[in-house]
Amino acid sequence: MKTDVIRMLSFLTITAALSPTLAAAQDNPFFHPYGTPWEVPAFDKIKVEHYMPAFDAGIAEQKKEIEAIRDSKDAPTFENTVAAIETSGELLTRVGDVFFNLNSADTNDEMQAIARDVAPKLSALQDDIYLDPKLFARVKEIYLKRDQLRLSPEQLRLLTEQHKAFIRGGANLSDADKKTFREINERLSVLELKFGENILAEENAYQLVIDNQADLAGLPDNVVEGAAEAATKADLAGKWVFTLHRPSIEPFLTYSEKRDLREKIYRAYCERGNHNDEYDNKEILREEATLREKRAVLLGYKTYAAYVLEDNMAKTPDNVVNLLDQLWTPALSRAASERDAMQAMVNAGGKPFDLASWDWWYYAEKVKKQRYEFDDSVLRPYFVLDNVRKGAFEVATKLFGITFEERFDLPKYNEEVRTFEVKDKDGSHLAVYYVDYHPRPGKRNGAWMSEYRQQCRIGGKDVTPIIVNVANVSRATADEPALLSLDETATLFHEFGHALHGMLSDVTYASLAGTNVARDFVEMPSQVIENWATQPEVLKMYARHYKTGELIPDELIAKMNNAKLFNQGFATVEYLAASYLDMDWHTLTGEVPADVMAFEQQRMDALGLIPEIVPRYRSPYFRHIFAGGYSAGYYSYIWAEVVDADAFQAFKEAGLFDPETAARFRKYILSAGGTDDPMVLYKKFRGREPEIGPLLERRGLTTTDS
Ligand SMILES: [Zn+2]
């Protein structure tokens, strides 16, 4: 379950003081200080009717601020223009931070209606700023004489990034093109939202209902129990319900002996957004691809991917495709030998059939059991959610000296949220951290990190960050605590890594804080931290059997590590296939293909993708690229993995908790945010550029044996 960082309104920032003219709105908590510890959002007071008035007032307020900067009679300076733009819009940021987080983690029909309403308004506001010629003239004037201004490195970075944002935001376009540009942005903001809503609707609507005990064959007790509880919640007491959410469908595909049912639920999973009904996403994504291409061409780029990548570490589509190509051939050949091993097992079973995509998880698990005498489910009793979380905390304490203290007095948006104060090694307050781990109908699939407030230092005031991790792992049942799979355990550490990037941020300007870095760099810190989850000495810190209290035995760790390379062909291929698909949609020139599914098939055939593997995301439910911020960017995970494998190598060489390596990692990576070019930061940490060797070795792709 690879995941993403949500980013919203990144050109806006927050401080606590609010405009007195708005104080009239008596009951609306967004118009007053929250009056809570560290000014965390007053979730207990915020009601759905508060959002729209706060958005409208926030938009009006920022417009006024921007006009004042633009119309100033004073000659443009860094402070009165660049810094002033950076710090404008605090009310809007304040409401946006709460709203967009909750629209992902705890939404409902009313919230979604607001999101639809506000998306084009925000897009228009952003265009008002970037397309304003007088405002841009001021920024440009400062930019052109930047060398004479004696700016700090961070100020210079802010100026450079802001100037670039104007140009990429259309500032150099003719008036006629600006109008088109604006229309495209507004339309795209609506389409992206609708795309995500359609998937959520389909996921919530689908149930595989089992009413015959025999159809549960092969499923572990905890999975059956979870399905029974899901049925009770769905007013189907006495039956069993499976859904398209990963914690439900994955164990079903892995353990169910009922091939016909595996096929049924897997087909439903693969057909999301592709039913030619009101939730169909094909025309939506075609229009998105069309508009993105059109916008990129307006700005002078050959393709949308070229436009996106220029601003990333990868720089060009060719560099991305080169990396994917280096991995594709060894990964595919490895996946083919994994398939052959499974087909051999099918054939030996007496009633041979051709292995299909819905069989992969089931037979992979069987081969793994046979070959490595190892089965993921034997780990679950050792991965108690609470202990895994504490293990992640302990790793952070050992590396950086920071500590976590649970709070019971902070407002929460849902009872299941837990809240922590994070303190630095000298005991000073560093951040507030929320965790929200279990699925609900109003929460989107997956796991992610986000901020309720970004770190910054404005006007001598220290604004400390408020960070959240959201996930979708199964709850405790009547008989056992919430237990995680190995994959979920790694994901928890991964998202915690993003959270550290936010919590340890130490910059002046919020738009350069924490995870506000190039998209193909943002996954690096999280993936580095993910490594600690499965180190034997770390497992010995947190992996305790929930019944016996016994620490995870050495032989189980050894078996787990032996089995690590198993199925890496599959995992790499399904991921790479989706990455190619992303690049295919975003390197189009001219007319967008009329038949979405035929285009996808044709591209996959050209790659030689084997039919037993479906891309990790198919186009109509590829939320990362058509609803989220990873368009022409899904490759980022593997790009970051090259860097992360190389970075973790530094800890392997110096010691897992080596204080000096940890201090360098904190200083140059976690605290530095976007204050410098990622490669410059990386070289400061590592002493050289990253190398691909450690990644190939980690994925077992240096040879083709399975
Ligand atoms: Zn991530």
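Reading the values: the criteria
- Residues numbered from 1 in each chain as written.
- Predicted model: local features only at pLDDT ≥ 70, side-chain atom pairs only at ≥ 80, totals over all residues.
- Heavy atoms only, no water.
- Helix = DSSP H or I, 4+ residues; strand = E, 2+ residues; numbered from the N terminus.
- Rg over C-alpha atoms; globule rule 2.2 N^0.38 Å.
- Buried < 20%, exposed > 50% of the residue type's maximum accessible area, 1.4 Å probe, protein only.
- Areas by Shrake-Rupley, 256 points an atom, 1.4 Å probe, with all protein chains shown as cover.
- Lys, Arg positive; Asp, Glu negative; His and termini not counted.
- Charge placed at Lys NZ, Arg CZ, Asp CG, Glu CD.
- Expected span 1.5 Å × (residues − 1).
- Contact = heavy atoms within 4.5 Å.
- Donors = N, O, S within 2.8 Å, 3.2 Å for Na, K, Ca; no water.
- Phe/Tyr/Trp six-rings, centres within 6.5 Å; stacked < 30°, edge-to-face > 60°.
- Lys NZ or Arg CZ within 6 Å of the ring centre and 35° of its normal.
- Salt bridge = Lys/Arg side-chain N within 4 Å of Asp/Glu carboxyl O.
- Axes fitted to C-alpha atoms, helices over the stretch in contact; angles between N-to-C directions.
- Left-handed = near helix turned anticlockwise from the far one by under 90°.
- Nonpolar A, V, L, I, M, F, W, Y, C, P; charged D, E, K, R; others polar.
- pLDDT = per-residue confidence, 0-100.
- Parallel < 35°, antiparallel > 145°, perpendicular 65-115°, else oblique.
- Core = buried A, V, L, I, M, F, W, Y, C linked by side-chain atoms within 4.5 Å.

## Some words on the overall build of the protein
Then, number 1: For the protein, the helix and strand inventory stands at 26 helices and ten strands.
Then, number 2: In summary, the protein has a C-alpha radius of gyration of 25 Å against a globular reference of 27 Å for 706 residues, a match within 12%.
Then, number 3: Taking the principal axes of the C-alpha coordinates as reference, the protein spans close to 85 × 60 × 55 Å.
Then, number 4: Of all 706 residues assigned to the protein, the portion counted as buried reaches 60%.
Then, number 5: Accessible area for the protein stands at about 27,600 Å²; split by element, carbon and sulfur atoms hold 50% of it.
Then, number 6: For the protein, the distance from the average position of its 84 positive side-chain charges to the average position of its 110 negative side-chain charges is 2 Å.

## Details of helix α8 (residues 221-233)
Then, number 1: The terminal C-alpha atoms of α8 lie 18 Å apart, and with 13 residues this matches the ideal 18 Å at 1.5 Å per residue to within 8%.
Then, number 2: Along α8, the residues that are buried comprise Asn222, Val223, Val224, Ala227 and Ala231.
Then, number 3: Looking at the buried side of α8, the elements it contacts are β3 (240-242) and α9 (246-255).
Then, number 4: One or two positions beyond α8, positive phi appears at Asp235, with a value near 60 degrees.

## Thoughts on the side chain of Thr107
Then, number 1: Tracing the backbone through its elements, the reader meets Thr107 in the loop between α3 (90-105) and α4 (109-130).
Then, number 2: A relative accessible area of 12% places Thr107 in the buried class.
Then, number 3: Not counting chain neighbours up to four residues away, the residues in contact with Thr107 comprise Leu102, Gln112, Leu200 and Gly442.

## Examining helix α15 (residues 385-400)
Then, number 1: Compared with an ideal rise of 1.5 Å per residue, which puts 16 residues at 22 Å, α15 spans 23 Å between its outermost C-alpha atoms and is within 8% of the ideal.
Then, number 2: Looking at α15, one finds that the buried residues are Leu385, Val388, Arg389, Gly391, Ala392, Phe393, Val395, Ala396, Leu399 and Phe400.
Then, number 3: Looking one or two residues past α15, Gly401 carries a phi angle of roughly 75 degrees, positive in sign.

## A look at the coordination of the zinc ion
A metal bound by six donors in octahedral fashion has ideal angles of 90 or 180 degrees, whereas one bound by four tetrahedral donors has an ideal angle of 109.5 degrees.
Then, number 1: Surrounding the zinc ion are the protein donor atoms His494 (NE2), His498 (NE2) and Glu523 (OE), which sit 2.0 to 2.1 Å from the metal.
Then, number 2: Between consecutive donors of the zinc ion, the numbers of intervening residues give the motif H-x3-H-x24-E. Taken together, the residues span a long stretch of sequence, with His498 in helix α16 (residues 486-503) and Glu523 in helix α17 (residues 519-530) at a distance of 25 residues. Each member of the pair, His498 as well as Glu523, carries the same accessibility label: buried.

## Comments concerning the packing of aromatic side chains
Then, number 1: All chains considered together, the criterion is met by 53 aromatic pairs.
Then, number 2: When the centroid spacing of 5.0 Å and the interplanar angle of 85 degrees are considered together, the rings of Tyr362 and Tyr363 count as edge-to-face.
Then, number 3: Exposure remark for Tyr362: the relative accessible area of 9% places this residue in the buried category.
Then, number 4: You can call Tyr363 buried: its relative accessible area is 11%.
Then, number 5: By the ring-pair criterion, three or more aromatic residues cluster together here, those being Tyr266, Tyr269, Trp360, Trp361, Phe570 and Tyr621.
Then, number 6: The lysine or arginine in question, Arg519, covers the ring of Tyr630, its NZ or CZ lying 5.9 Å from the ring centre.

## Section: the pattern of salt bridges
Then, number 1: In total, this model carries 56 salt bridges according to the counting rule given.
Then, number 2: Here Arg418 and Glu406 are joined by a salt bridge, their closest N and O atoms 2.8 Å apart. Separated by twelve residues along the polypeptide, Arg418 in strand β5 (residues 418-423) and Glu406 in strand β4 (residues 403-407) bring together distant segments of the chain.
Then, number 3: What makes Arg418 partly exposed here is its relative accessible area of 27%.
Then, number 4: As a salt-bridge pair, Arg698 and Glu641 come within 3.4 Å of each other at their nearest N and O atoms. With Arg698 in helix α26 (residues 693-698) and Glu641 in helix α23 (residues 636-654), this residue pair connects regions lying 57 residues apart in the sequence.
Then, number 5: For Glu641, a relative accessible area of 7% gives the class buried.

## Section: the packing of helix α13 (residues 317-348) against helix α20 (residues 568-586)
Then, number 1: At a closest axis distance of 8 Å, the pairing of α13 and α20 adopts a crossing angle of 145 degrees. Viewed along their axes, α13 and α20 form a crossing whose handedness is left-handed. Across the interface between the two elements, Pro317, Val320, Leu324, Asp325, Leu327, Trp328, Ala331, Leu332, Arg334, Ala335 and Glu338 of α13 pack against Gln568, Gly569, Phe570, Thr572, Val573, Leu576, Ala577, Ser579, Tyr580 and Met583 of α20.
Then, number 2: Split by residue class, the contact of α13 with α20 holds 14 nonpolar, four polar and three charged.

## Digging into the confidence of the model for the protein
Then, number 1: Taken over all residues, the pLDDT of the protein has a mean of 93, while the share at 70 or more is 96%.
Then, number 2: Considering only residues more than four positions removed or in separate chains, one finds that residues 1-24, a stretch of pLDDT under 50, has 93 contacts.

## Details of the packing of α13 against helix α14 (residues 360-372)
Then, number 1: Remark: α13 packs on α14, axes separated minimally by 10 Å, with the N-to-C direction vectors making an angle of 85 degrees. The orientation of α13 with respect to α14, classified from their angle, is roughly perpendicular. Counting all contacts with α13, which are made through Ala335, Glu338, Arg339, Ala341, Met342, Met345 and Val346, the residues of α14 involved are Trp360, Tyr363, Ala364, Lys366, Val367, Gln370 and Arg371.
Then, number 2: The class makeup of the residues in the contact of α13 with α14 is nine nonpolar, one polar and four charged.

## Some words on the nonpolar core
Then, number 1: Core analysis: the biggest nonpolar cluster contains 171 residues, and Phe242, Tyr433, Phe496, Trp532, Trp585 and Phe665 have the highest contact counts within it.
Then, number 2: The residues touching Trp532, leaving out its near neighbours within four places in the chain, are Val395, Leu399, Phe493, Val538, Phe648, Phe651, Leu656 and Phe657.
Then, number 3: Counting residues in hydrophobic clusters, the runner-up holds 47 residues, among them Tyr34, Ala42, Tyr51 and Met111.

## Topic: unusual backbone geometry
Then, number 1: In the Ramachandran plot, Asp235 falls in the positive-phi region, its phi being about 60 degrees despite a non-glycine side chain.
Then, number 2: Position of Asp235 relative to the elements: it lies in the loop between α8 and β3.
Then, number 3: One non-glycine residue, Ala632, lies in the positive phi region at around 50 degrees.
Then, number 4: Within the element layout of this structure, Ala632 appears in the loop between α22 (623-626) and α23.
Then, number 5: In this structure Ala632 comes out as buried when scored by relative accessible area, which is 0%.

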